[in-house]
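# Topology and contacts: notes
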Amino acid sequence: MQPAKPLQPEQLYQPCDPAIFDFDTSAELEDQVETPGQERAVEAINFAIDMGLGGFNLFVLGPQGTGRHSAVKRILKQKAANGPAADDWCYVNNFDNPKRPRHLRMPAGQGNELRRDIEQLIEEAHRVIPASFESEDYRTRRQAIEEEFNEYQERVFREVQKSARERNISIIQTPTGLAFVPLRDDKAISPKEYAQLPKEEQEQLKRDTEVVSKDLQQQMLSIPQEARKVREKIRDLDREVSMFAVGGLIDQLIMKYKTLADVVAYLEAMQTDIVNNVEIFLKSSESDSQSLKALLSGRPQSIGAQQSAAMQRYAINVIIDHTETEGAPVVFEDHPTFPYLIGRIEHMSEMGTLVTNFNLIRAGALHRANGGYLVVDANKLLVQPFAWEGLKRALKSGEIRIKSLGEALSLVSTVSLEPEPIPLDVKIIMLGDRMLYYLLQAYDPEFLDLFKVAADFEGQIHRDQENSVQFIRLLATLIKNENVRPFDREAAARILEASARHAGDAERLSAEVRYAADIVRESDLYAGQNGKHVIGETEIQQAIDTRIRRGSRIRDRLQEEILRDTILIDTEGQRVGQVNGLAAAQLGESSFAHPCRITARVALGSGQVVDIEREIELGGPIHSKGVLILSGYLASHYVVDSPLSLFASLVFEQTYGGVEGDSASAAELCALLSALAEVPIKQSIAITGSVNQHGQIQAIGAVNEKIEGFFDICNKRGLTGDQGVLIPMANTRHLMLRQDVIAAVRENRFQIYPVASIDQCLTLLSGLEAGERDEQGAFPDGSVNQRVRARLQEFADKRHHFGTGNSQSDTS
Amino acid sequence: MARPGKRLQVRITVMLGNTDADRRALEMLGQLTAETPAEILGLFMENMDLLTFADLPVAREYCCLTHVERQLNPADLQRQLRIQARSAERALAAVAQRTGFNWSFQTVRGSLASLLQDVVKEMDLMLLGAARRTLPVPGHVPATTLARPSSQPVSVIYDGSEASRRAFTVALRLARACQQALDVFLMAANNDDLASLREQTQQLAGPFALRFHELVNPAFEDILAAVRSQRAGTLVLGINERLISPESVELLRDRLRCPAVLVK
């Protein structure tokens, strides 16, 4: 195994050459709308949009700030512009069942036109209908019908009167009816005269009275029947007049909308309804009181006040109007609650109760997007109660059924409506993070039926010249409309370097364009303060530095405690069984790392390697996996043919929160081997890396932060020249270190060693050869490995000697 | 309106009932008295025949409200009549308060013909409302639509006599006060006379527009039929011997639907 050599300064940072940009300032650049490096995702978006079949809705996943939203917006705008225009939708009264309003579907722009036509028709009807009923012709015909009835009644009375007269009985009016008065010589018989009459005559009088009374009763019974006939005649007359009054107006509209069968059907139904309810247009008392109210309140008296009843009944509620829409509709719903998506039915308070009608139906986002595209944020959708279920239901059923949540859950029992469902034809585009997408995939059985296409946005893109140039161009386009100063090419180069650092990879750029754009925006402030018209590299660096400073409070506090020896970290000397590991932390937008003391203790045992973090449940599963790998390495590397007879305990000293990840497993192994071999480890070197069962060092994350975390402690204590960090070889391409670290390396005050195996780590940390097996499988004498093997063998022999095979914990 | 030599206050007798038509007639009179001080005597007539009949053991009544026949109870009848009388008196008082005329009220018993004979000496105008009728006003057909109420003109019978001239003057004032049209029914022996009568009324009316209906030697019944056919709101006619005959009174009582104003 070749010893690890420290990295050269040029290997620690991949600068960007400003010469790759052919502009002086970004203001010269042409607009760039596509996000570079997202071809896969863009192809998926185009595919989903072009796919006309149901179920091919789109989920756009990826990190925030990678241009998902703007890519979707741009592509939709292009596609929708060439798409067919969506229809207007209206709700109208269902005269047969007002609880179930009917919908009308009309070509774009005609909904409002129909509404205006109907309003005009109502206004006309308010003039024409009363005029018809006030006309002399109507009055004459109506009076003739009423006169016919009056004559009938009078004829009836006269016949009864005549019949009564023949019997010498007069019919006269009482306060509440009619009395039958017997006469003698044309005068009413007095009680005295009656008493003097013979009995037969009295009886005869009584009989005559009864006959006349019966006759009157019979005749009177016929009057209600006649009245009913007369009412029918008047109703027929009224219908005739109404039909004549409005028929012409409605026929005109029927001609105009003859190609729309639904509209024609509605107009015909409306005509019939007007004829049957013409009193709506004739209620003079209502209109008078409305007029009086308007007069008293100072409002101009208008025919509108009189029209409210008619308008409420016959108005057209245009819930979707695409007059202004070009192509297919594209709707971005920022507040995807259930009612905002599916639509809602509003209510009015009237005399203490809540009432509603078809005029109070309101469209939701699905209505607005019907025939086009609806874009929603997945997180926002899923946190809204029942919104996700409502959306799925609409997509599966292919229709939008407006229902209030309160009613659906039986929380309220107000009068409500059941509007006719509207057929749904929409493409849904949901934007969300990856975790959410995979959770939905795993736990929602309907999800994949409805969202068959995923557009996966990269978090990082290749840092080649083409992408670099496009990235800068995209940035320039973003800030162009924000009144932000342009930047020069040096600034552009620095931005790219910052983006690479943000990606944690010298060969990549972070696809989070938002991060870079924010750097530029912040730089604009400093450029202004520095009196410059163009943002330069200085301002970019200033923005980066201040941004780090804003987020570094906890990092600085931690470093302080280390420097104050509250947290014990050695950066000099050497100790057996103790090594400086490196732990990274992510708090909000800021990430940093800090050294962490890892210690190992060993004793005779039954092969247990105790991870104290795991024992107290502070260690996550990946961390525990790393520790278990150590056991495998120990057994397979040192004591293949004898039992592993040690007890070892590993701990991250002074950590009181959780520990996760296996990036410190190499450090733990080194501490363990140091403890076994009783070989001290240099405390001037920190190590980070994951180790596998073969002892190979594997890549870890946040390598830049980890190096800088240890460097800062050493630097603040004073660099000694022999301090440094061991990092996995595979992480060298990720290095984009700070300039002060690079300067220290350049001055040989700090070193960074790329390592590929645990043996290389042991050599660097102990100063001794790790030792390679010879052909007989033995390690060289005095090597670290040999000492480890010897110690383990010693434990095995002792254990054998004890003969019990108990663990250290059993014997304590 | 006052006759020359007589005091200026107009004496009006109103035969009151309890119907809307009576109330409208009272309102109209109120309009008339706005310009001329008037003294109004309200009369509520209790039909003598009815009161006599109520005491008979065969007295029965047919109730128009319920279409049920029942025994007529004299005490109940008297009670109902008193209620009606009070209601009529209240209606008169209300109009009097609004328009400011002097008024008094009496309940009388008798027949219309005898009442006319008695009252005609002491009054200048007499208003006969629906209460004069023996039979109830024919029931209206319940409306399925609300037709705008048409105007109901004031009608007057003019035959050139002094009484009819006075009646025409009253009718003209009524029509002006109530902003109604004035229908003039000209009665003459021949067509030539009709022309002369037309000219007379036009002179009396001045610029006020008149609508003429011409009748040659009509029977009283025909006059009333003609008035009915024009849907008169109020009929004004001059009192003469023929008018207060029992036959005419009977026709006036039963054939005319609107209130009648008799002018002495």
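Here, every reference points to the structure presented above.
Residues numbered from 1 in each chain as written. Chains lettered and ligands numbered in written order. Predicted model: local features only at pLDDT ≥ 70, side-chain atom pairs only at ≥ 80, totals over all residues. Heavy atoms only, no water.

### Some words on the overall build of chain B
In terms of regular secondary structure, chain B is built from eight helices and eleven strands. Of all 264 residues assigned to chain B, the portion counted as buried reaches 51%. Once local pairs closer than 6 in sequence are excluded, the contacts in chain B between residues at least 24 apart make up 75%. When the accessible surface of chain B is split by element, carbon and sulfur atoms take 49% of a total near 12000 Å². (Helix = DSSP H or I, 4+ residues; strand = E, 2+ residues; numbered from the N terminus. Buried < 20%, exposed > 50% of the residue type's maximum accessible area, 1.4 Å probe, protein only. Contact = heavy atoms within 4.5 Å. Areas by Shrake-Rupley, 256 points an atom, 1.4 Å probe, with all protein chains shown as cover.)

### Structural notes on the packing of aromatic side chains
Two measures describe an aromatic ring pair: the distance that separates the ring centres and the angle between the ring planes. Residues and elements named next belong to chain A. Using the criterion set out here, one finds 17 aromatic pairs over all chains in the structure. A centroid spacing of 6.3 Å and a plane angle of 10° characterise the contact between phenylalanine 281 and tyrosine 314, whose relative ring orientation is stacked. Linking phenylalanine 281 in the loop between α7 (261-276) and α8 (284-297) with tyrosine 314 in helix α9 (residues 303-314), this pair joins segments that are 33 residues apart in sequence. For the residue pair phenylalanine 281 and tyrosine 314, the accessibility class agrees, reading buried in each case. With 5.1 Å between their ring centres and 90° between their planes, phenylalanine 711 and phenylalanine 750 make a pair best called edge-to-face. Residue phenylalanine 711 is found in helix α25 (residues 703-717), and its partner phenylalanine 750 is found in strand β30 (residues 750-755); the two are separated by 39 residues along the sequence. Phenylalanine 750 gets classed as buried once you look at its relative accessible area, which sits at 0%. The rings of Phe59, Trp388, Tyr437, Tyr438, Phe447 and Phe451 are connected pair by pair, giving a single aromatic cluster. Residue placement shows lysine 73 over the ring face of phenylalanine 332; its charged tip is 5.9 Å from the ring centre. Geometry around tyrosine 340 places arginine 344 over its ring, the cationic atom sitting 5.6 Å from the centre. (Phe/Tyr/Trp six-rings, centres within 6.5 Å; stacked < 30°, edge-to-face > 60°. Lys NZ or Arg CZ within 6 Å of the ring centre and 35° of its normal.)

### Quick look at the environment of alanine 25 of chain B
Residues and elements named next belong to chain B. If you trace the backbone, alanine 25 turns up in helix α1 (residues 20-33). Along the sequence, alanine 25 and threonine 234 sit 209 residues apart, while their C-alpha atoms lie 7.6 Å from each other. Ignoring anything within four residues of it in the chain, the contact list for alanine 25 reads Leu127 and Pro259.

### Concerning the environment of leucine 41 of chain B
Along the polypeptide, leucine 41 of chain B turns up in strand β2 (residues 38-47). For leucine 41 of chain B and methionine 187 of chain B, which are 146 residues apart along the polypeptide, the C-alpha to C-alpha distance reads 31 Å.

### Comments concerning unusual backbone geometry
Residues and elements named next belong to chain A. The residue methionine 351 is not glycine, and still its phi comes out positive at about 55°. Take methionine 351: its relative accessible area is 84%, and that puts it in the exposed class. A positive phi angle, near 55°, is found at alanine 702, a position not held by glycine.

### So, the sheet that holds strand β2 (residues 88-92) of chain A
Residues and elements named next belong to chain A. Overall, antiparallel pairing links the three strands, which are arranged β3-β2-β7 in an open sheet. For this open sheet the edge positions go to β3 (102-106) and β7 (317-320), each flanked by a neighbour on one side alone. Strand-to-strand twist in this sheet, taken as the mean axis angle between neighbours without regard to direction, amounts to 30°. The sheet contact formed by β2 and β3 spans five bridges and is antiparallel. Paired with valine 92 across the strands is arginine 102, a residue of β3. Running at roughly 135° to β3, α7 makes contact with β2 and β3 of the sheet. (Pairing = 2+ DSSP bridges. Axes fitted to C-alpha atoms, helices over the stretch in contact; angles between N-to-C directions.)

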